[in-house]
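These are the residues of each chain, in order.
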Amino acid sequence: MFDVLLCIHEKHDEWLVLLAAVICIVSTMSAVLLLRHARHFAGKAAAKWVGGAAVAIGFGIWATHFVAMLGYDPGVVAGYHMPATLLSLVIAIAMTAMSFFVCLAYPQARGLAAASVLGGGGVAAMHYLGMSALELPADITWRSGYVALSLVFAVVPMYPALAFAVGGRSVRSGVAAGLLMTLAIVLLHFTAMTAVVLIPAPLDERTAMLLSPNSMAMAIAAGSIGLLTVCIAVLSVARTARIAVHASQRDLAILVKGVTDCAIYMLDRDGKVANWNPGAQRLKGYTAREAIGLPLAQFYSLEDRHAGLPEKAVSIAMEQGKFSGEGWRMRRDGSRFWAHVTIERISDDAGNHIGFAKITRDMSRFKEDQDRLQEMTAHLDAALGNMHQGLCLFDADERLVVVNARFLEIWGLDKAACTPGMTLDEVAHVALASRTGAAVPQERVDDLRLTLRQALDDHSFPPVVSEFGDSLVVSMISRPAADGGWVTTFEDVTERRRSEEKIAHMAMHDGLTGLPNRSSFNQWVDAELEQARHFGHNLAAVVIDLDRFKEINDTRGHGAGDAALQLLSRRLIDILDDGEIAARVGGDEFSAAKRFRDQAELAGFLDRIESCFATPVGSEDNRFHLGASIGVSVFPNDGSLREQILNNADMAMYRAKASLGERIAFYEPEMDETARARRQLSNDLRHALSRNELTLLYQPQHDLRTGELSGYEALLRWQHPKRGAIAPDYFIPLAEETGEILAIGEWVLRQACLEARTWPGDLKVAVNLSAVQLMQTELVEMVKAVLIESGLSPMRLELEITETAIISDKLRALHLLRQIKALGVSIAMDDFGTGYSSLDTLHSFPFDKIKIDKSFLLKSQQSPEARAIIKAVLALGQSLSVPVLAEGVETEFQLGLLQEQGCDQAQGYYFGRPAVAPSIATDADETRRAQP
């Protein structure tokens with residue numbers, strides 16, 4: 001830096017240096033003023049102002065350089081080449097012009113940086129090109145460090161100078177911009193001159209085009225006078241324009257400030273507030289000082305800002321000349337108001353865009369009224385549009401005023417087919433023709449008008465129901481209005497009518513088969529009984545119960561069972577004739593009835609019923625036969641009341657079911673005695689436990705390999721006080737039907753466990769479980785409680801279950817058995833081989849023992865087939881490692897057969913008959929031995 005100061009002091013004339021600085025300041029200040037005027041214009045107008053600024057500063061840079069060069073004393077004679085000197089002036093003007101264009105177009109940081117490089121580069125290019133025009137009797141060399149420093153001095157101050165010139169608005173910022181530009185020019189010049197090193201050398205012979213310092217001084221003086229003249233002229237024009245603009249703004253301000261019920265203000269080209277009227281201050285709460293310079297987005301809600309609505313509004317105003325719209329606007333205190341906004345593009349006389357005029361009106365009250373009206377209208381439209389009924393409002397002249405969408409939907413009309421203003425007759429013709437598909441006679445419309453008048457005159461007049469085939473049933477209600485008109489509502493009750501019919505049908509028919517149900521059948525029978533009593537004919541009641549239908553559901557699935565019921569129902573419907581009925585009264589129970597006079601008619605009816613079971617049902621690969629047991633009773637011989645006849649037919653059906661080879665059974669009086677006796681026995685069985693009529697007998701079981709006793713099977717017996725001993729095969733099914741088996745079964749299990757606890761060694765006790773007990777959810781807890789109460793080890797208890805007991809609900813039964821087995825209790829399959837899916841059941845559950853039914857052993861001596869079955873079961877048990885016990889061993893032959901085939905255990909009369917509990921027998925033996 002010392003070298004630079006030394007260069008200025010030693011090698012320059014201070015007065016000429018001062019003159020150069022003055023010229024530089026005048027040119028930069030002029031350029032800043034012209035550049036600021038260019039901000040308010042666009043296109044060619046802006047280009048003119050930028051060009052003037054570029055000429056001013058470019059010539060000022062050039063003049064500053066060469067005036068300073070005139071004051072530079074290199075110590076030798078110097079001259080200037082004309083072409084290079086003029087070219088340096090052109091480059092200074094061109095590059096500063098580009099710099100100004102860039103900073104105006106891109107006033108952000110990057111644009112200003114680029115403009116600074118262009119401006120500083122223009123100053124540097126002018127200087128070094130001007131130095132190349134200097135002709136001396138010496139060679140010029142450059143010190144690179146000072147050259148680089150001169151470039152930095154040219155560019156760095158130019159950035160804030162351009163920022164103040166373009167972005168600033170005050171005089172202070174303008175002065176700062178001019179001084180910073182002057183500083184950049186002066187620093188570059190003197191730093192670059194400090195970089196000069198002169199080496200004496202012969203003068204170039206080309207001196208014809210050289211300008212002497214005096215000529216150069218005259219040229220600079222002329223140029224400076226021209227520059228001063230141009231600047232004065234340009235500034236005069238600018239002042240005139242500014243005065244005109246100020247006058248226009250003053251007039252506009254007077255107008256704008258006089259309006260206080262609207263916000264009227266100007267926006268500059270960037271969409272920022274340029275002025276502010278009292279109406280704007282009153283409406284938005286900002287003072288003029290606070291508002292000027294704010295962006296338009298300041299008055300929008302946060303949501304609208306995120307949606308870019310302010311920018312869109314300005315863009316539309318810019319492109320189309322005007323933007324109008326409504327929306328919420330924000331006040332200074334954060335409250336909002338509904339505003340109507342107009343933004344218009346403003347241009348000067350030359351058509352250059354200078355900003356926007358904005359008018360904002362507070363429409364909040366109008367908006368509230370409008371919203372209330374729209375809300376009421378929307379509620380009315382919603383009510384009319386969502387009514388279940390169609391609606392027509394007619395005035396006193398019988399012209400349509402309002403019609404809703406539901407009315408058009410009911411009658412199948414387009415919106416254009418029924419419009420307000422149509423007469424009643426026109427509406428009636430259009431609506432009825434749409435449904436009937438043909439022209440409607442006037443007589444029908446007249447009838448409708450007559451009915452309408454009756455409804456309007458009499459408020460108690462019932463709704464008018466019109467049917468248009470099965471597709472439409474309409475209920476119409478009319479009520480008068482105060483102005484002489486009336487309202488008619490239309491309700492489509494088609495589905496309601498269908499639902500009522502469907503409900504009525506469902507109430508009297510079976511849902512699966514479509515046959516009459518029990519209620520419908522009873523009503524038919526009651527009606528026919530009245531007819532039979534009156535006319536003296538007979539009435540047969542038939543009860544049909546399908547045989548083993550549960551097996552169909554279990555083995556083939558419920559879908560196959562339902563399909564079989566539906567097919568049977570269709571067959572029954574097909575064979576019915578007049579005076580006959582068939583109904584489904586239960587799951588697999590059907591009833592039928594027939595009115596007849598002679599037995600041949602009844603026989604034919606029963607033959608037709610039997611024919612329904614003659615052919616198999618199901619698909620080709622899943623065919624099976626349906627069997628049925630049929631009971632018949634006849635009025636008046638078998639009863640006079642419906643209940644009697646049906647009960648008697650039911651008893652006859654059970655007779656047919658119990659009889660082999662008999663499908664149809666007629667009621668006989670003795671059936672009543674059997675039923676009565678069965679009912680009495682069921683009643684006695686309920687009290688058998690409390691009366692100590694039930695006892696347990698125990699039949700021994702032996703191990704065939706060792707011949708030793710392995711345990712006992714507990715067998716239930718009932719000693720009736722009047723009838724004596726009753727076989728288990730008779731009273732146990734009766735107990736299952738009445739549910740008494742639950743209490744009896746628990747008693748049997750408890751007594752057997754208490755007895756087994758007194759036995760020596762590992763002797764087991766086997767107890768049978770009923771199918772009904774397997775349906776009891778508390779079975780596992782009951783077994784557990786009995787074991788705890790009796791103190792018997794679970795390992796010594798064996799529960800026997802028949803396959804038929806499992807198959808009724810196989811999954812549930814096997815789940816319960818697994819829980820019991822988890823307690824340590826053994827599970828045995830009783831009567832193995834008599835079921836229809838024994839292998840499947842055996843595969844589904846790991847039984848601890850298999851018991852061969854005694855029926856096979858009883859036939860073993862005479863029947864090779866029975867012996868083969870025994871051998872197969874024993875082989876199966878051995879392959880599965882499951883012990884096999886044979887029941888009913890009575891002879892040596894039977895015992896030898898079992899031992900030969902490797903049977904594990906056996907029981908039967910050969911080993912001992914069922915007897916009293918071993919503990920009781922032991923006590924009796926000891927008592928006898930103790931007697932003398």
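What you are looking at is a predicted structure, and each value in this text was computed from that prediction instead of being measured.

Novice: Would you explain the overall build of the protein in this entry?
Specialist: Tallying secondary structure elements over the protein gives 35 helices and 28 strands in all. Considering the protein as a whole, with its 932 residues, one finds that 43% of them fall into the buried category. Within the protein, contacts between residues at least 6 apart in sequence are counted, and of these 63% link residues at least 24 apart. Carbon and sulfur atoms form 57% of the exposed surface of the protein, whose accessible area is close to 47400 Å².

Novice: Whenever I open this one, empty space enclosed by the protein confuses me. Can you help?
Specialist: It is the rolling of a water-molecule-sized probe over the atoms that shows where space remains empty. Under the defined criterion, the tally for this structure stands at one cavity of 30 Å³ or more. Put simply, the largest cavity is a space of about 40 Å³. Lining the largest cavity are Ile57, Ile61, Thr96, Ser99, Phe100, Gly119, Val123 and Met158. For the lining of the largest cavity, the secondary structure elements donating two or more residues are helix H3 (43-70), helix H4 (82-105) and helix H5 (109-132).

Novice: In this structure, what is going on with the pattern of salt bridges? I would like to understand it.
Specialist: Pairing between side chains becomes possible if they bear opposite charge and their charged atoms approach one another. Considering all chains together, one arrives at 24 salt bridges under this definition. Arg331 is the partner of Asp362 in a salt bridge, and the nearest nitrogen-oxygen pair spans 3.6 Å. Remark: Arg331 occurs in the loop between strand E7 (322-330) and strand E8 (336-347) and Asp362 occurs in strand E9 (residues 353-362); sequence separation between them is 31 residues. Taking relative accessible area as the criterion, Asp362 reaches 33% and is therefore assigned partly exposed. Judged by relative accessible area, Arg331 falls into the partly exposed class, the value being 23%. For Lys657, the salt bridge is made with Asp547, and the minimal N-O distance between the two is 2.8 Å. Here Lys657 is found in helix H23 (residues 642-658), whereas its partner Asp547 is found in strand E15 (residues 538-547), with 110 residues between them in sequence. What you see here is one network of salt bridges that share partners, running through Glu398, Asp425, Arg449 and Arg453.

Novice: Looking at this structure, I do not really get the packing of H5 against helix H8 (residues 171-194). What am I missing?
Specialist: Two numbers describe a pair of packed helices, the interaxial angle and the distance between the axes. The geometry of H5 relative to H8 is characterised by a closest axis approach of 10 Å and an angle of 35 degrees between their N-to-C directions. You can see that H5 and H8 cross each other, and the crossing is right-handed. Facing Val123, Ala124, His127, Tyr128 and Met131 of H5, the residues of H8 in contact are Ile185, Leu188, His189, Ala192 and Met193. Considering only residue class, the contact of H5 with H8 consists of eight nonpolar, two polar and no charged.

Novice: Would you mind showing me how to read the nonpolar core here?
Specialist: In globular proteins that are soluble, nonpolar side chains generally tend to be buried together. Counting 69 residues, the largest nonpolar core has Val765, Leu797 and Leu799 as the members making the most contacts within it. A per-element tally of this core places helix H26 (residues 741-756) first, with seven residues. Filtering out sequence-adjacent residues up to four positions away, Leu799 remains in contact with Leu749, Val767, Leu769, Val783, Ile820, Val825, Ser826, Ile827 and Ala828.

Novice: Mind showing me how you'd approach the packing of H5 against helix H6 (residues 144-155) here?
Specialist: It is at 8 Å that the axes of H5 and H6 come closest, and there the two elements cross at 135 degrees. By the angle between their directions, the pair H5 and H6 is classed as oblique. Seen along the crossing, H5 lies across H6 with a hand that is right-handed. Here Ser116, Val117, Gly120, Ala124 and Tyr128 of H5 lie close against H6, whose contacting residues are Val147, Ser150, Leu151, Ala154 and Val155. A class-by-class count of the residues in the contact of H5 with H6 yields seven nonpolar, three polar and no charged.

Novice: Before we go on, may I ask you to explain the confidence of the model for the protein in this structure?
Specialist: Caution applies to low-pLDDT regions: their predicted coordinates should not be interpreted in detail. Here the protein averages 82 in pLDDT, while 85% of its residues score no lower than 70. In the model, residues 1-6 has pLDDT below 50 throughout and makes eight contacts with residues more than four positions away in sequence or in other chains. Taken together, the stretch residues 926-932 has pLDDT below 50 and engages in zero contacts with residues farther than four places along the chain or on a different chain.

Novice: Help me understand H6, please; the structure alone is not making it clear to me.
Specialist: A turn of α-helix holds 3.6 residues, and therefore any two residues three or four places apart point the same way. For H6, which comprises twelve residues, the first-to-last C-alpha distance of 17 Å matches the rise-based estimate of 16 Å (1.5 Å per residue) to within 8%. Within the span of H6, buried status applies to Tyr146, Ser150 and Ala154. The arc that holds every buried residue of H6, seen down its axis, measures 80 degrees, which confines them to one face. Exposed residues on H6 whose side chains face more than 90 degrees from its buried face are Ser144 and Gly145.

Novice: What exactly am I supposed to notice about the pairing of strand E16 (residues 580-584) here?
Specialist: Put simply, side chains in a regular strand alternate between the two faces of the sheet. With respect to burial, E16 is a largely interior element, five of its five residues being buried. Here E16 shows a buried face lined by Glu580, Ala582 and Arg584 and a second buried face lined by Ile581 and Ala583. Inspection of the sheet shows E16 paired to strand E17 (residues 589-596) by five bridges, in the antiparallel sense. Bridging across to E17, Ala583 finds its partner in Ser591. Where E16 folds back on E17, the antiparallel hairpin that results is connected by four residues.

The rules we used
- Residues numbered from 1 in each chain as written.
- Predicted model: local features only at pLDDT ≥ 70, side-chain atom pairs only at ≥ 80, totals over all residues.
- Heavy atoms only, no water.
- Helix = DSSP H or I, 4+ residues; strand = E, 2+ residues; numbered from the N terminus.
- Buried < 20%, exposed > 50% of the residue type's maximum accessible area, 1.4 Å probe, protein only.
- Contact = heavy atoms within 4.5 Å.
- Areas by Shrake-Rupley, 256 points an atom, 1.4 Å probe, with all protein chains shown as cover.
- 1 Å grid on protein atoms, 1.4 Å probe; cavity = no way out; pocket = protein on both sides within 12 Å on 5 of 7 lines; lining within 4 Å.
- Points joined across faces, edges and corners; volume = space filled by probe spheres on them.
- Salt bridge = Lys/Arg side-chain N within 4 Å of Asp/Glu carboxyl O.
- Axes fitted to C-alpha atoms, helices over the stretch in contact; angles between N-to-C directions.
- Left-handed = near helix turned anticlockwise from the far one by under 90°.
- Nonpolar A, V, L, I, M, F, W, Y, C, P; charged D, E, K, R; others polar.
- Core = buried A, V, L, I, M, F, W, Y, C linked by side-chain atoms within 4.5 Å.
- Parallel < 35°, antiparallel > 145°, perpendicular 65-115°, else oblique.
- pLDDT = per-residue confidence, 0-100.
- Expected span 1.5 Å × (residues − 1).
- Arc of directions from axis to C-beta.
- Pairing = 2+ DSSP bridges.

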